[in-house]
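Each chain, letter by letter, is given below.
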Amino acid sequence: MSLVTVGTVAFDSIQTPSGKADRVVGGAASYIALAASHFVREQELISVIGEDFPEDFLSTLESRGVRTNGLVTIKGGKSFFWEGSYHEDLIGRDTVTTELNVLEGWVPTVPESARDSKFVMLGNLDPSVQLSVIDQLYEPPRLIVLDTMNFWMDIAMENLKKVISKVDVLMINDDEARQLTGHKTLPLAAAAVHEMGPKTVVIKKGEHGAIMFEEGQTFFSPAMPLEKVVDPTGAGDTFAGGFIGYLARLGDTSWEAKKQAVVVGSVMASFTCEAFGTERLQSLQESEWHKRMSQMRAMVKFRSIRG
Ligand code: AMP
């Protein structure tokens with residue numbers, strides 16, 4: 001298998017200035033797998049859900065080449081539930097509820113078919129679960145990407161630092177980079193993350209794009225300017241899915257490939273923001289993201305400036 005993802009598959013209730021969505025399908029791994037499915041024909045998903053989870057979403061994933069051998073359903077269990085409310089600026093958000101439910105105490109089993117995966121996406125989830133996935137791999141993969149959030153920094157920093165020390169790419173947002181390292185500026189925060197282990201650091205800045213640091217090099221991609229943002233939930237996960245899915249498709253982990261992957265991630269994430277939950281990502285056509293890639297290229301291309 002070229003790509004395996006672990007992360008939450010969940011119900012989300014989301015309030016934004018555009019309205020409210022109650023118990024829609026979400027979770028980090030749902031967004032990642034849907035985004036990556038535009039680039040890889042087959043991938044594995046490792047997660048845990050309760051009996052309350054809708055079958056039709058699992059069928060949608062399977063129809064897009066997402067294998068669910070590693071997706072465990074707990075009899076009588078309740079799926080992970082997250083409730084968030086966005087501020088007027090659509091950047092700030094408050095977590096209203098996080099119910100771990102079936103995630104509590106869950107120990108993942110990596111299916112045999114995924115133990116030799118070359119690309120591994122550790123989506124936002126309990127760092128002890130992320131560690132357990134790494135431990136079950138047969139050989140060191142070509143690339144391990146880790147996403148996390150402040151929730152896990154607050155309650156599981158020790159395990160989080162352990163998993164950070166084992167990955168190639170850390171992907172976090174700017175506030176989380178500051179919380180993790182104590183540095184105010186992003187170059188200093190990135191340098192501190194390099195010290196913890198990862199060679200590459202990607203810092204997401206929401207509508208202000210994403211910046212990547214690797215061995216003294218820096219790359220920046222803007223976000224696609226959108227006239228209307230309905231719900232930014234999952235944009236970071238969609239970014240991660242586009243990033244790793246694209247690299248897995250190329251089978252390339254060079255700096256040049258990663259630069260393209262950051263742009264792909266930014267373009268894919270822009271679609272997620274256009275509707276509540278995974279709705280827009282589910283309806284997304286290849287021609288639509290191709291078009292937006294061209295718009296993005298036009299937006300950042302300019303002739304060299306003469307002095
Ligand atoms: P994002 O907007 O990219 O930060 O991702 C939001 C998604 O992450 C939602 O679909 C949630 O279900 C999921 N999520 C929220 N909190 C957590 C958490 N503590 N651990 C794992 N997944 C989470």
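These notes cover the structure that comes with them.

The rules we used
Residues numbered from 1 in each chain as written. Predicted model: local features only at pLDDT ≥ 70, side-chain atom pairs only at ≥ 80, totals over all residues. Heavy atoms only, no water. Helix = DSSP H or I, 4+ residues; strand = E, 2+ residues; numbered from the N terminus. Buried < 20%, exposed > 50% of the residue type's maximum accessible area, 1.4 Å probe, protein only. Contact = heavy atoms within 4.5 Å. Areas by Shrake-Rupley, 256 points an atom, 1.4 Å probe, with all protein chains shown as cover. Lys, Arg positive; Asp, Glu negative; His and termini not counted. Charge placed at Lys NZ, Arg CZ, Asp CG, Glu CD. Near = heavy atom within 4 Å. Polar contact = N/O pair within 3.5 Å; in protein donor to acceptor, adjacent residues only side chain to side chain. Nonpolar A, V, L, I, M, F, W, Y, C, P; charged D, E, K, R; others polar. Pairing = 2+ DSSP bridges. Axes fitted to C-alpha atoms, helices over the stretch in contact; angles between N-to-C directions. Core = buried A, V, L, I, M, F, W, Y, C linked by side-chain atoms within 4.5 Å.

**A word on the overall build of the chain**
For the chain, the count of helices and strands is 11 helices and 13 strands. Its C-alpha atoms put the chain at 70 × 45 × 40 Å along the principal axes. Across the 307 residues in the chain, those meeting the buried criterion constitute 57%. Here the contacts in the chain between residues at least 6 apart in sequence split such that 66% fall between residues at least 24 apart. When the accessible surface of the chain is summed, it comes to about 13,600 Å², and 49% of that surface belongs to carbon and sulfur atoms. Within the chain, the 40 negative side-chain charges are centred at a point lying 8 Å from the centre of the 30 positive side-chain charges.

**Side note on the site of the ligand**
Residues in close proximity to the ligand total 19 residues, the closest being D12, G27, R93, G234 and D237. G234 places a polar main-chain atom, nitrogen or oxygen, 2.7 Å from an oxygen atom of the ligand. Within the side chain of D237, a nitrogen or oxygen atom sits 2.7 Å from an oxygen atom of the ligand. Look at the ligand: alone it shows 510 Å² of surface, and the protein chains cover 94% of it. Looking at the shell around the ligand, the elements with two or more residues in it are β2 (10-16), α1 (28-36), β6 (80-86), α4 (150-155) and α8 (235-250). It is α8 that contributes the most residues to the shell around the ligand, three residues altogether. Here the shell around the ligand is composed, by residue class, of nine nonpolar, seven polar and three charged.

**Thoughts on the sheet that holds β6**
If you walk across this open sheet you meet the four strands as β3-β2-β6-β7, and the pairing is mixed. The open sheet is flanked by β3 (19-26) and β7 (93-99), the only strands paired with a single partner. The mean inter-strand angle of the sheet, taken between neighbouring strand axes irrespective of direction, is 15 degrees.

**A short note on the environment of L103**
As for its placement among the helices and strands, L103 is situated in the loop between β7 and β8 (119-122). Between the C-alpha atoms of L103 and M224, which are 121 residues apart in sequence, the distance is 34 Å. In this structure L103 touches T8, V48, F80, L125 and W152, once residues within four positions along its chain are discounted.

**What to know about the nonpolar core**
For soluble globular proteins, nonpolar side chains are generally found buried alongside one another. Among the nonpolar cores identified, the biggest contains 57 residues, and L3, F53, V145, F243 and W289 are the most heavily contacted of them. Sorting elements by how many residues they give to this core places helix α9 (residues 255-272) first, with 10 residues. Not counting residues up to four positions away in its chain, the partners in contact with F243 are V145, V169, M171, V202, M212, K258, A261, V262 and G265.

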